[in-house]
Amino acid sequence: MATIKDVARLAGVGLGTASRVISGKGSVSQATLEKVRAAIDELEFRPSHAARTLLSGSSQMIGVYIPYLSGTFYTPILQSIYTALRAAGLNMVVAFGVGEGDARQQAIEGVNFLIERGSDGLIVMSNALEDEDFVALGPFQQRVVVINHAFASIEGQCFTVDHEAGGRLAARTLLEQGHRRIAVIAGRASAPDNQQRIAGFMAELAAADIDPASVWMEDGQFSPEGGWACAEQLMASGYEYTAVFCANDEMAVGALSCFQQAGVAVPEQVSVLGYDDTHSAEFTAPRLTSVHIPWSEMTLNGLNYLLNHCYELERPVQREYALHVTQRASLGPAPDGGKKA
């Protein structure tokens, strides 16, 4: 494979001159330009990514860290990032949590991998990292944007929504349908965004004179398997309920499937409310009512902020995002006004 040195030698110019032609930076005479281009064509020279990075001082690449690559949640987020980057003439490299160590160690290793691969900036989606992990990045921490979590050390670089307000909205939605005996399938107790939405949900119930301590709740994994397992526990518990709030759509998908197999009619007997309003919510049976979190809007605003910082662009950046409930078929009035399970 031809190198830039081969191009310079064949064109009879210095290495610096060949570099200026290839990078498009710096002035050269028309005659020299034509000689170098002729040498490039004759040698079928294609500069490697590493060479382009050395020439330009930029990899034109953004790194993205996500905790795992499964289910339906992260795929559309990655797709929206990649589409926006390609439209800007940039590219993307992705790392996610695998290997030894806990979630925090995996995230640290993933972030370091992306930096070592020459990423100009990073988008990070992880609640496992600590403020000190960003401080440890030194000057590079200025080139990091965090989606869906807030860290004091880089507060201005964090893009998230008010999940407590989202939880309150979920509770109000059920209360407005007459539901007062409600079960909750929560996500991981250690996840800050889960804590916030559950806190908001319970606070709204308390405001409606429903004791949060009386509400059946089980922590599960943010997955269909987690939702199924919790729904099984709920049905076996003897707890009387007319509605179930699931802390994300994937768990709601699992719960819906479990109820269907058990012969529980949704929403005639039990209403199910999800959270996130991901693409999968449109294709459950029945279609899932869900609290809409503007994931694409939030992510693309974070990406715009990062591109502005890394490439001196002036893209618009917004930080406030409206939440609403997308009404579908899984939510209905409480049976008998909520007087019976």
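Structural data are supplied above this passage.
Since this is a predicted model, take the numbers as computed values, not measurements.

Here's the deal with the nonpolar core
(1) Moving on: Counting residues in each nonpolar core, the largest one holds 47 residues, and the members touching the most others are F201 and F245.
(2) Moving on: In terms of residues, this core owes the most to one element, helix 12 (residues 295-311), which gives seven residues.
(3) Moving on: Not counting chain neighbours up to four residues away, the residues in contact with F245 comprise A170, L174, A183, V184, I185, I198, F201, L273, G274 and Y275.
(4) Moving on: Residues C230, A231, L234 and L288 belong to the second largest nonpolar core, which totals 24 residues.

Details of the sheet that holds strand 11 (residues 324-326)
(1) Moving on: Taken together, the six strands give an open sheet; going across it, the order is 7-6-8-9-10-11, and neighbouring strands pair in mixed fashion. In this open sheet, the two edge strands, each paired with only one partner strand, are strand 7 (216-219) and strand 11. Sheet twist, expressed as the mean angle between neighbouring strand axes with direction ignored, is 20 degrees.
(2) Moving on: As paired strands, strand 6 (residues 182-186) and strand 7 are joined by four bridges and run parallel to one another. Considered in strand 7, the bridge of A183 is made with W216.
(3) Moving on: Along the sheet face, helix 9 (residues 192-207) touches strand 6, strand 7, strand 8 (243-246) and strand 9 (271-276) and points at about 170 degrees away from the line of strand 6.

Considerations on the layout of surface pockets
(1) Moving on: Each pocket or cavity is described by its volume, and for the largest pocket that value is around 460 Å³.
(2) Moving on: Breaking the lining of the largest pocket down by element, the ones donating at least two residues are helix 6 (103-116) and helix 9.
(3) Moving on: Classifying every residue of the lining of the largest pocket by side-chain character gives twelve nonpolar, eight polar and four charged.
(4) Moving on: For the lining of the second largest pocket, the elements supplying multiple residues, two or more each, are helix 5 (74-87) and helix 12.
(5) Moving on: If one sorts the elements of the lining of the second largest pocket by residue count, helix 5 sits on top with three residues.
(6) Moving on: Class assignment of the residues belonging to the lining of the second largest pocket gives a composition of six nonpolar, five polar and two charged.

As for helix 8 (residues 163-176)
(1) Moving on: Here helix 8 contains 14 residues, and its C-alpha end-to-end distance of 20 Å stays within 8% of the 20 Å for a straight helix at 1.5 Å per residue.
(2) Moving on: Those residues of helix 8 not exposed but buried are H163, G166, G167, L169, A170, A171, T173 and L174.
(3) Moving on: The N-capping residue of helix 8, defined by a side-chain oxygen 3.2 Å from the backbone nitrogen of E164, is D162.
(4) Moving on: Trailing helix 8 by a residue or two, G178 shows a phi angle of about 90 degrees, which is positive.

Quick look at the environment of V93
(1) Moving on: The topology assignment puts V93 in strand 2 (residues 91-96).
(2) Moving on: You can call V93 buried: its relative accessible area is 18%.
(3) Moving on: Those residues in contact with V93 that sit more than four places away from it in its chain are M61, I62, G63, V64, L114 and S119.

Examining a nonpolar patch on the surface
(1) Moving on: A cluster of nonpolar side chains, L69, F96 and V98, forms an exposed patch at the surface whose accessible area comes to about 260 Å².
(2) Moving on: With respect to the helices, strands and loops of the structure, L69 is situated in the loop between strand 1 (61-66) and helix 5.
(3) Moving on: The exposure class of L69 is partly exposed, given its relative accessible area of 46%.

Rules used throughout
- Residues numbered from 1 in each chain as written.
- Predicted model: local features only at pLDDT ≥ 70, side-chain atom pairs only at ≥ 80, totals over all residues.
- Heavy atoms only, no water.
- Core = buried A, V, L, I, M, F, W, Y, C linked by side-chain atoms within 4.5 Å.
- Buried < 20%, exposed > 50% of the residue type's maximum accessible area, 1.4 Å probe, protein only.
- Helix = DSSP H or I, 4+ residues; strand = E, 2+ residues; numbered from the N terminus.
- Contact = heavy atoms within 4.5 Å.
- Pairing = 2+ DSSP bridges.
- Axes fitted to C-alpha atoms, helices over the stretch in contact; angles between N-to-C directions.
- 1 Å grid on protein atoms, 1.4 Å probe; cavity = no way out; pocket = protein on both sides within 12 Å on 5 of 7 lines; lining within 4 Å.
- Points joined across faces, edges and corners; volume = space filled by probe spheres on them.
- Nonpolar A, V, L, I, M, F, W, Y, C, P; charged D, E, K, R; others polar.
- Expected span 1.5 Å × (residues − 1).
- Polar contact = N/O pair within 3.5 Å; in protein donor to acceptor, adjacent residues only side chain to side chain.
- Patch = residues over 30% accessible without salt bridge, like charges linked within 9 Å, V, L, I, M, F, W, Y side chains within 5 Å.
- Areas by Shrake-Rupley, 256 points an atom, 1.4 Å probe, with all protein chains shown as cover.
- Salt bridge = Lys/Arg side-chain N within 4 Å of Asp/Glu carboxyl O.

Taken by themselves, the reported measurements are silent on function.
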